[in-house]
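Okay, here's what each chain looks like letter by letter:
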Amino acid sequence: MNVEDLGEPQMICEMCDSAEIRFVHFMQNDRYPGTLACGAICAGHMESDLLRAEKRDKKMRSDASRRQRFPTRAGWRVNEKGNHLIKTNGYRVTVFKKGLAWGAVVSRPPIATPYFTREKFSNVTAAKMAAFDTMRFVEDNVPKPDPFRLLL
Ligand SMILES: [Zn+2]
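Below or above, wherever it landed, is the structure these notes cover.

Rules behind the numbers
Residues numbered from 1 in each chain as written. Predicted model: local features only at pLDDT ≥ 70, side-chain atom pairs only at ≥ 80, totals over all residues. Heavy atoms only, no water. Phe/Tyr/Trp six-rings, centres within 6.5 Å; stacked < 30°, edge-to-face > 60°. Helix = DSSP H or I, 4+ residues; strand = E, 2+ residues; numbered from the N terminus. Buried < 20%, exposed > 50% of the residue type's maximum accessible area, 1.4 Å probe, protein only. Donors = N, O, S within 2.8 Å, 3.2 Å for Na, K, Ca; no water. Salt bridge = Lys/Arg side-chain N within 4 Å of Asp/Glu carboxyl O. Pairing = 2+ DSSP bridges. Axes fitted to C-alpha atoms, helices over the stretch in contact; angles between N-to-C directions.

Here we take up the packing of aromatic side chains. One pass over the structure, following the stated rule, counts 3 aromatic pairs. A ring pair is formed by Phe-96 and Phe-116, whose centres lie 6.5 Å apart and whose planes are at 75°; its orientation type is edge-to-face. On the criterion of sequence distance, the pair formed by Phe-96 in strand 8 (residues 91-98) and Phe-116 in strand 10 (residues 115-116) is long-range, its members being 20 residues apart. For Phe-96, a relative accessible area of 14% gives the class buried.

This is the structure:
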């Protein structure tokens with residue numbers, strides 16, 4: 001469903017309850033209720049595709065320094081509601097405050113489905129970095145719309 005780099009190993013895989021994970025794969029599977037936060041190996045088992053999970057994991061690792069710079073890169077603006085917005089590479093990222101926590105949503109027009117990060121970040125920087133993960137996830141996993149079909 002999504003991925004997130006926690007910055008350091010700071011949670012236990014919800015599938016095996018033993019692996020300490022930094023690079024989280026959010027998985028859904030008919031056999032389990034809700035969304036599970038998993039490490040790459042358990043994610044691979046859940047989707048019956050270890051290579052695909054490994055590829056996603058490697059991508060997160062290699063993007064780590066760009067992700068670090070994302071919150072301070074040029075192009076961010078703050079609107080009248082206090083949301084932080086950026087348009088980059090065809091994506092629209094909105095970082096918003098919900099209650100006491102920050103979250104973010106990524107969309108790529110004309111795809112109607114927005115992709116949300118968790119809404120549990122204590123600061124705007126962490127939410128921006130999670131938005132970066134979500135953006136890369138959409139880039140790699142959601143097919144670009146066929147331009148000819150859009151004309152119909
Ligand atoms: Zn696991």
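In this section: the coordination of the zinc ion. On the protein side, the zinc ion has Cys-13 (SG), Cys-16 (SG) and Cys-42 (SG) as donor atoms, found 2.2 to 2.3 Å from it. Summarised as a motif, the one-chain spacing of the donors to the zinc ion is C-x2-C-x25-C. Of this pair, Cys-16 sits in the loop between strand 2 (11-12) and strand 3 (20-21) while Cys-42 sits in helix 1 (residues 40-46), and the two are 26 residues apart along the sequence. The exposure class assigned to Cys-16 is partly exposed, which follows from its relative accessible area of 33%.

Quick look at the pattern of salt bridges now. Taken as a whole, this structure holds 11 salt bridges when the rule is applied. A salt bridge links Glu-47 to Arg-52; the shortest N-O distance between them is 2.9 Å. In this structure Arg-52 comes out as partly exposed when scored by relative accessible area, which is 44%. Put simply, Arg-61 and Asp-57 hold a salt bridge, and the shortest N to O gap is 2.8 Å. Taken as a pair, Arg-61 and Asp-57 lie in helix 2 (residues 50-62) at a separation of 4 residues, close to a single helical turn. Each of Asp-5, Arg-22, Arg-67 and Asp-133 takes part in salt bridges that share partners, so that together they form one network.

Moving on: the sheet that holds strand 10. Across the sheet, which stays open at both edges, the 5 strands sit in the order 6-7-8-9-10 with antiparallel pairing between neighbours. Pairing within the sheet leaves two strands with one partner each, and these edge strands are strand 6 (77-78) and strand 10. Note that strand 9 (residues 101-107) and strand 10 share 2 bridges and pair antiparallel. Residue pairing in the sheet places Val-105 in a bridge with Phe-116 of strand 10.

Further remarks concern the sheet that holds strand 5 (residues 36-38). Picture the strands of a sheet paired through backbone hydrogen bonds; they go either parallel or antiparallel. The strand order 1-4-5 describes an open sheet built from 3 strands, whose pairing is antiparallel. The open sheet terminates on both sides in strands that have one partner only, identified here as strand 1 (2-5) and strand 5. Averaged over all pairs of adjacent strands, the angle between their axes in this sheet comes to 25°, without regard to strand direction. One ladder, built from 3 bridges, connects strand 4 (residues 23-27) with strand 5; its direction is antiparallel.

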